[in-house]
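An overview of the molecular structure
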Amino acid sequence: MNAVNNKALAGVTVEYSVRGITLGSVVTGPDGIAVITPRSNWPLQMKFIATKQGFLVDLVETTITSEDGSHFIGISLSPELVDGEHHMRLVMNWGLVPVDLDLHAVQIDKNSEKMCTKSHNHQHGCPGLHMDIGDLGGGAHGAEVITCDNPGNFYYLIFEIGR
């Protein structure tokens, strides 16, 4: 998926490996999905490297424990950051459980000692921080993404919704 809009991203090359040995690669289709069928003993520690021109590389490591190999892995690629526009982008993906996580950024102004917060329900909290995507469903629904225009000291918090 494209991290800044949660839309399907076709043409992403996903290389996969087990125990440091590259087993192959696949390319996502128009729906942004690639299917990999590992053939090995369980549990299986796999590493995935997703690449596409114009996007930052993403690396995901996970353990697949199901012998039927059914395991959803969501990967969201961030478009490359443009010098002078954005300093950093934080992308948070998760699996099918929990149902929802929320990403928050908190900054304390050292001069005024005021605190500002940026989250899906507090869009105007911090100047220079943008909540690009606030996912509501987890899993295949996409990521939560915060982009920072200015360097600074931020605390990033993750809340599990419904607990």
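1. As for the overall build of the chain
- From N to C terminus, the chain includes zero helices and 10 strands.
- Per-residue burial over the chain gives 35% buried out of 163 residues.
- Across the chain, every contact between residues at least 6 apart in sequence was considered, and the portion connecting residues at least 24 apart equals 49%.
- Split by element, the accessible area of the chain, about 9,800 Å² in all, is 52% carbon and sulfur.

2. What about the nonpolar core?
- V14, I36, M46, F48 and L77 are the most contacted members of the largest nonpolar core, which totals 16 residues.
- Looking at this core, the elements with two or more residues in it are β1 (13-18), β3 (44-51) and β4 (58-64).
- Those residues in contact with I36 that lie beyond four places of it in its chain are V14, Y16, V26, M46 and F48.
- Counting 12 residues, the second largest nonpolar core, distinct from the first, contains W94, C126, L129 and M131.

3. Structural notes on the layout of surface pockets
- Put simply, the second largest pocket is a space of about 230 Å³.
- Taken together, 17 residues line the second largest pocket, and the ones lying closest to its centre are D58, S76, V91, M92 and N93.
- Elements supplying a minimum of two residues to the lining of the second largest pocket: β4 and β5 (88-92).
- Partitioning the lining of the second largest pocket into residue classes produces 10 nonpolar, five polar and two charged.

4. Looking at the confidence of the model for the chain
- For the chain, mean pLDDT is 79; residues scoring 70 or higher make up 79% of the total.
- Of all the helices and strands in the chain, strand β7 (residues 115-118) carries the lowest mean pLDDT, 70, while β1 carries the highest, 93.

5. Structural notes on unusual backbone geometry
- Backbone geometry places N6, a non-glycine residue, at a positive phi of 60 degrees.
- Relative to the helices and strands, N6 is located in the segment before β1.

6. Here's the deal with the pairing of strand β6 (residues 101-108)
- Among the eight residues of β6, six are classified as buried, and the element is accordingly described as predominantly covered.
- In this sheet, strand β10 (residues 154-160) lies alongside β6 in antiparallel orientation, the contact comprising seven bridges. Paired with A105 across the two strands is Y156, which belongs to β10.

7. As for the pairing of β1
- Bridge count for β1 against strand β2 (residues 21-27) is six bridges, and the pairing is antiparallel. By the bridge assignment, S17 is partnered in β2 with T22.
- Where β1 folds back on β2, the antiparallel hairpin that results is connected by two residues, among which R19 adopts a positive phi of roughly 50 degrees.
- Direction of pairing for β1 relative to β3: antiparallel, over a ladder of six bridges. Bridge pairing links Y16 to F48 in β3.

8. Examining the side chain of N2
- Here N2 shows up in the segment before β1.
- By relative accessible area, which is 12% here, N2 ends up buried.
- Not counting residues up to four positions away in its chain, the partners in contact with N2 are K7, L9, F55, L77 and P79.

9. Some remarks on the sheet that holds β1
- With antiparallel pairing, four strands are arranged side by side in an open sheet as β2-β1-β3-β4. Each having just a single partner strand, β2 and β4 make up the two edges of the open sheet. Here the average twist between neighbouring strands, direction ignored, is 25 degrees.

About the criteria used
Residues numbered from 1 in each chain as written. Predicted model: local features only at pLDDT ≥ 70, side-chain atom pairs only at ≥ 80, totals over all residues. Heavy atoms only, no water. Helix = DSSP H or I, 4+ residues; strand = E, 2+ residues; numbered from the N terminus. Buried < 20%, exposed > 50% of the residue type's maximum accessible area, 1.4 Å probe, protein only. Contact = heavy atoms within 4.5 Å. Areas by Shrake-Rupley, 256 points an atom, 1.4 Å probe, with all protein chains shown as cover. Core = buried A, V, L, I, M, F, W, Y, C linked by side-chain atoms within 4.5 Å. 1 Å grid on protein atoms, 1.4 Å probe; cavity = no way out; pocket = protein on both sides within 12 Å on 5 of 7 lines; lining within 4 Å. Points joined across faces, edges and corners; volume = space filled by probe spheres on them. Nonpolar A, V, L, I, M, F, W, Y, C, P; charged D, E, K, R; others polar. pLDDT = per-residue confidence, 0-100. Pairing = 2+ DSSP bridges. Axes fitted to C-alpha atoms, helices over the stretch in contact; angles between N-to-C directions.

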